[in-house]
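Residue strings, one per chain:
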Amino acid sequence: MKHAAHKAAKVSQGKEQREGASRRLFALEHGTHTAKAALVQTPSGTMAVEIDQALAARINEVAPLTRRAMRESARAAERRSHIIASTSLAALVGTAATAMAFAKPADSALAATDAPTTTTQLKRVSTNEAASRSQDREPLSGADAQTSSATQTSSNEGNWQLGDSSGSLDVNSMSRSTANNPAVAALMDGDHDALPAGFDPNHATGDSGNAYEFSQCTWWVYVRRHQLGLPAGSHMGNGNMWGNSARALGYWVDHQARHTGDIMVFAAGQDGADAAYGHVAIIEKINSDGSVETSECGSVMNGKTYSKTYSAQQVAQHDIIHY
């Protein structure tokens, strides 16, 4: 007769054998369990099978056998994820930086530059027709006839021509003077070949307003010169002093009447002038024989003027102030 206690002992012994077999599947290495064998279910029961060390390491990595191993495995997986993400971000930033370093700023500037402009080439036109109608226009044919409204264009190196090819530019009609005073500039163009060497048309005029006593000859000369748009000094002295005063300021002074508005200077007592102060007059007309007609004033005239005529021989004896 078999007792239950004996059976219980056998059951307990079988359990110990199974647990011992399970414990033998793992060996403690560095504080963690490492699988060296696997349990395989067969028709006759469960048995332990030896496996390769590399496979055992993979099993431990995929399915940790302890909670501690599971936590460490999770941390390792998280670190690998961070490393992969950091590496990818660094690679992306490096690629962008390299592209920016090799980029040429001039390329973008060139891209923004406007396309080359073109100009319309002018054609010779008839003086009897409107400027927009060209005698050289030829009828279009073929495909060009469909675009007859298109304007013939050329590059920026196109030629510009006068409307009338037979026309010529008269350089004598152009001002060659650099005078700031337009009246002086006009007179200088006519005197171009006679101007003194180094003459400065923009010399000091000495003009600060009419400072001469009313109705004196000097007063009238200042007034008349300004009426004609010509310069006159304000403190050029008595009539007989005007020639030298004008030379000192840079005026052109000689002994030839050239234009209306020239100043004729009389020395003391010359041709009826005052014996002490001399006289000045304005040349109003130059006759064909070289004689001149003047406008003059004096203290006894009360601002009114009178005219006199002087021969060419007389004029040649006087200082003549031009501009």
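Counting from 1, residues in each chain are numbered in the order their sequence is written. The predicted origin of the model limits local features to residues at a pLDDT of at least 70 and limits the giving and counting of side-chain atom pairs to 80 or more, whereas totals for whole chains, interfaces and linings rest on all residues. Only heavy atoms go into the side-chain values, all of them from the structure, while hydrogens and water stay out.

- As recorded in an unreviewed UniProt entry, the protein chain goes by CHAP domain-containing protein and comes from Bifidobacterium tibiigranuli.

### Thoughts on the environment of Gly 229
Then, in step 1: Counting from the N terminus, the helices are DSSP H or I runs at least four residues long and the strands are E runs at least two residues long. Tracing the backbone shows Gly 229 in the loop between helix H6 (217-227) and helix H7 (242-249).
Then, in step 2: A 1.4 Å probe rolled over the protein chains alone gives each residue an accessible area, and that area as a share of the maximum for its type sets the label: buried under 20%, exposed over 50%, partly exposed in between. Looking at Gly 229, the relative accessible area reads 31%, which means it is partly exposed.
Then, in step 3: Between the alpha carbons of Gly 229 and Asn 181 there is a distance of 8.0 Å; along the sequence they are 48 residues apart.

### Quick notes on the sheet that holds strand S7 (residues 253-254)
Then, in step 1: Strand pairing is assigned whenever DSSP detects at least two bridges linking the two strands. Reading across from one edge, S7-S12-S8-S9-S10-S11 is the order of the six strands in this open sheet, with antiparallel pairing throughout. Looking at which strands have only one partner, the edges of the open sheet turn out to be S7 and strand S11 (309-310).
Then, in step 2: Sheet analysis places strand S8 (residues 263-266) next to strand S9 (residues 279-286), joined by four bridges and oriented antiparallel. Within S9, the position partnered with Val 265 by the bridge is Val 280.
Then, in step 3: Set on the sheet, H6 makes contact with S8, S9, strand S10 (292-295) and strand S12 (319-321); between it and S9 the angle comes to about 40 degrees.
Then, in step 4: Here, residues are in contact when the closest pair of their heavy atoms is within 4.5 Å. Only C-alpha atoms enter the line fits that serve as axes; for helices the fit covers just the stretch in contact. Angles between N-to-C directions range over 0 to 180 degrees. Across the sheet, H7 lies against S7, S8, S9 and S12, angled at about 45 degrees from S12, the strand it touches most.

### Considering the pairing of S10
The two faces of the sheet receive side chains in turn, since in a regular strand these alternate between them.
Then, in step 1: With four bridges connecting them, S9 and S10 associate as antiparallel partners. Bridge pairing in S10 links Ile 286 to Val 292.
Then, in step 2: Linking S9 to S10, which pair antiparallel, is a turn of five residues; within it Gly 290 sits at a positive phi near 95 degrees.
Then, in step 3: With two bridges connecting them, S10 and S11 associate as antiparallel partners. Residue pairing in the sheet places Glu 293 in a bridge with Thr 309 of S11.

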